[in-house]
Amino acid sequence: MRAVCQLLGLAFLVTAAPPDRLTAQDFRADALRILKTVPLIDGHNDIPDAIRARGGVDSVDFAVRQPKLMTDIPKLRAGGVGAQFWAAYVPVTTMDSGPHPAVYALEQIDLIRRFCARNSRAMAMAYTAADVERNFTAGKVSCLIGIEGGHAIENSLGALRMFAALGVRYMTLTHWETIDWADAATDSAKHGGLTPFGEDVVREMNRVGMLVDLSHVSDSTMIDALRVSRAPVIFSHSSARALDTHVRNVPDSILRLLARNGGIVMANFAPDYVSEALRAYGDTITQGIARLRAAGLDSAVVRDSVRAWRERGPKATLAQVANHVEHLRQVAGIDHVGLGSDFDGISSVPVGLEDVSKFPDLIAELLRRGWTASDVRKLAGLNCLRVMRGAEAVAREMQGGTR
C-alpha cells in the first residue's frame, strides 16, 4: 500500500501543474523523484578501460569526484543511476598482437569485479534482474558486466560459457572489425551477416542467459541475430540512423524487427552518432588529416589542426539525444527503448550531457516534451529489466528448467 501511495503521489507531482507553467527546475525535480522509484540502467559505460589506462583499480579513488572522468560515485549518485553495465572492452588490436583477446577480457572482468568490491559501500555486483532490484532497494548501484567484442571468445563456445560463469551478462558480437563469424558495421562484409558458427554463438548465448548485443554489428548481422535469437536482444549503445546516418546507428527497418523480438535499443550519447552535422563535419576532418599527412607535416601539427577544427565545428546537444530517444520510441515503441551513454568511452560529449550526473536533465527534457512518469520509468530501467528477465526465462527453458 505504501508503494501505491508513493506512485500516486509521484503521478500528482508530475501532473499537478500545467506543462507550460513548469520551469526547467520543476521538470528536473520531477525527474529526480521518478528516479527514486526505478533503477536507471545505463547500457554501456567504459570506465573500466579508463581506469586500466590510469594504472588500475588502486590508482583511482572512485569514491570522490574525478574531474577528468565522466563517471565516479558522487556523479552516479547525482545522476540517479541505479545499475550500470560496465564494458569489458577488448581492443581489436589484440587479435594481432599483445595479450590474447580472451586474456584481455579476463583482465577487464577481474578489474570490474575488484572495482565493485573496492567500492562496496556504494556498489554491488548483479547477475539477474532480481539482483538489480534488490541492490536498488538497498541503495546501491548494481555492477553488471558486458564484454565489448565477440573476438574475446577466440572462436570458442567453451570460452563463452566460462565468461557467462564469471558473470558476463551481455556480449557485443563485434567491435570495429569483422571477425571470423560476424560482420561489423565499420568494416568490410565477409560473411553476409553471421556464419553458421556465429549462429551457434547466438544460440549458446541464449542458453547460458547472456544477452546478445548488436551495437557495432552490420545490418546483415543484426537481421541474422534477430532471426536466430530466442531471447530478446539489445543494442547497448546505439541511436537512430534516420537522424544520423552513421553506420553504427540502427535503421528503422531493424527497429521494427527489434520490437517483434521484444528487445531494447539503448540510445548512445556519442556526438558523432547524435548529430548528423557533426558526423559529416568529422568526414571533412578525416580528409583534412589525410591532406596534412600527404604534405609531410609532423604529428604535432596534425594534432593541433584537428583540435582547432573540432573546436570551431558543430556540437551535439542534449536536445538532439532526446530527439533520438523519441524517434526510437516512435518506431520501435515505448517498451523497446533505453539509455546507453558510452560515457568514458567517448572523447567528447553533447552539450548538457557532460557526465553521468546529467541523466536527470535528459529525463527532464523528455518530461517537458510530454512524456509521462510511466513512460520515463520504462525508458530508465523497466524495459531493460524486462529484457533481462526474458533472457533468464529462455535460459531456464533451454537448460531444462534449471540454472
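For the structure, see preceding data.
Residues numbered from 1 in each chain as written. Predicted model: local features only at pLDDT ≥ 70, side-chain atom pairs only at ≥ 80, totals over all residues. Heavy atoms only, no water.

Asks: Could you clarify how one ought to interpret the overall build of the protein chain in this entry?
Replies: A count of helices and strands for the protein chain gives 16 helices and nine strands. Its C-alpha radius of gyration of 21 Å places the protein chain within 12% of the 22 Å reference for a compact globule of 403 residues. For the protein chain, the spread of C-alpha atoms along the three principal axes comes to 65 × 60 × 45 Å. Considering the protein chain as a whole, with its 403 residues, one finds that 57% of them fall into the buried category. Total accessible area on the protein chain is roughly 16,600 Å²; 53% of this is exposed by carbon and sulfur atoms. Taking the average location of the 46 positive side-chain charges in the protein chain and that of its 45 negative ones, the two points are 5 Å from each other. (Helix = DSSP H or I, 4+ residues; strand = E, 2+ residues; numbered from the N terminus. Rg over C-alpha atoms; globule rule 2.2 N^0.38 Å. Buried < 20%, exposed > 50% of the residue type's maximum accessible area, 1.4 Å probe, protein only. Areas by Shrake-Rupley, 256 points an atom, 1.4 Å probe, with all protein chains shown as cover. Lys, Arg positive; Asp, Glu negative; His and termini not counted. Charge placed at Lys NZ, Arg CZ, Asp CG, Glu CD.)

Asks: For this particular structure, what's the right way to read the packing of helix α7 (residues 157–165) against helix α8 (residues 196–208)?
Replies: Helix-helix packing is characterised by the crossing angle of the two axes and by the distance between the axes. One can describe the packing of α7 onto α8 by two numbers: an axis separation of 10 Å at closest approach and a directional angle of 25°. Regarding the angle of α7 to α8, the classification is roughly parallel. Taken as a pair, α7 and α8 cross one another with a handedness that is right-handed. Between α7 and α8, the contacting residues are L157, L160, R161 and A164 on the first element and F197, D200, V201, E204, M205, R207 and V208 on the second. Of the residues contributing to the contact of α7 with α8, the split by class is seven nonpolar, no polar and four charged. (Axes fitted to C-alpha atoms, helices over the stretch in contact; angles between N-to-C directions. Parallel < 35°, antiparallel > 145°, perpendicular 65-115°, else oblique. Left-handed = near helix turned anticlockwise from the far one by under 90°. Contact = heavy atoms within 4.5 Å. Nonpolar A, V, L, I, M, F, W, Y, C, P; charged D, E, K, R; others polar.)

Asks: Could you clarify how one ought to interpret the environment of S275 in this entry?
Replies: Structurally, S275 is set in the loop between α11 (271–274) and α12 (276–294). Not counting the four nearest positions on each side in its chain, S275 is found in contact with D244, K315, A316 and Q320.

Asks: I tried to follow the environment of R28 on my own but got confused; where do I start?
Replies: By secondary structure assignment, the location of R28 is in helix α2 (residues 24–35). Given the relative accessible area of 25%, R28 is considered partly exposed. Along the sequence, R28 and P360 sit 332 residues apart, while their C-alpha atoms lie 6.1 Å from each other. Ignoring anything within four residues of it in the chain, the contact list for R28 reads S357, P360, D361 and A364.

Asks: Please clarify how the nonpolar core should be interpreted in this entry.
Replies: In this structure, M123, F163, M171, L173 and L214 are the most contacted members of the largest nonpolar core, which totals 101 residues. With eight residues, helix α5 (residues 101–118) is the single largest residue contributor to this core. Beyond its immediate chain neighbours, meaning those up to four positions away, M123 contacts F62, I73, L76, W86, F115, C116, K140, V141 and C143. (Core = buried A, V, L, I, M, F, W, Y, C linked by side-chain atoms within 4.5 Å.)

Asks: Where do I start with the side chain of H44 in this structure?
Replies: Along the polypeptide, H44 turns up in strand β1 (residues 40–45). Overall, H44 belongs to the buried group, its relative accessible area being 0%. There is a polar contact of 3.2 Å between the side chain of H44 and the side chain of E148. Beyond its immediate sequence surroundings of up to four residues, H44 is in contact with Q84, F85, A87, E148, Y170, S236, H237, G340, S341, D342 and F343. (Polar contact = N/O pair within 3.5 Å; in protein donor to acceptor, adjacent residues only side chain to side chain.)

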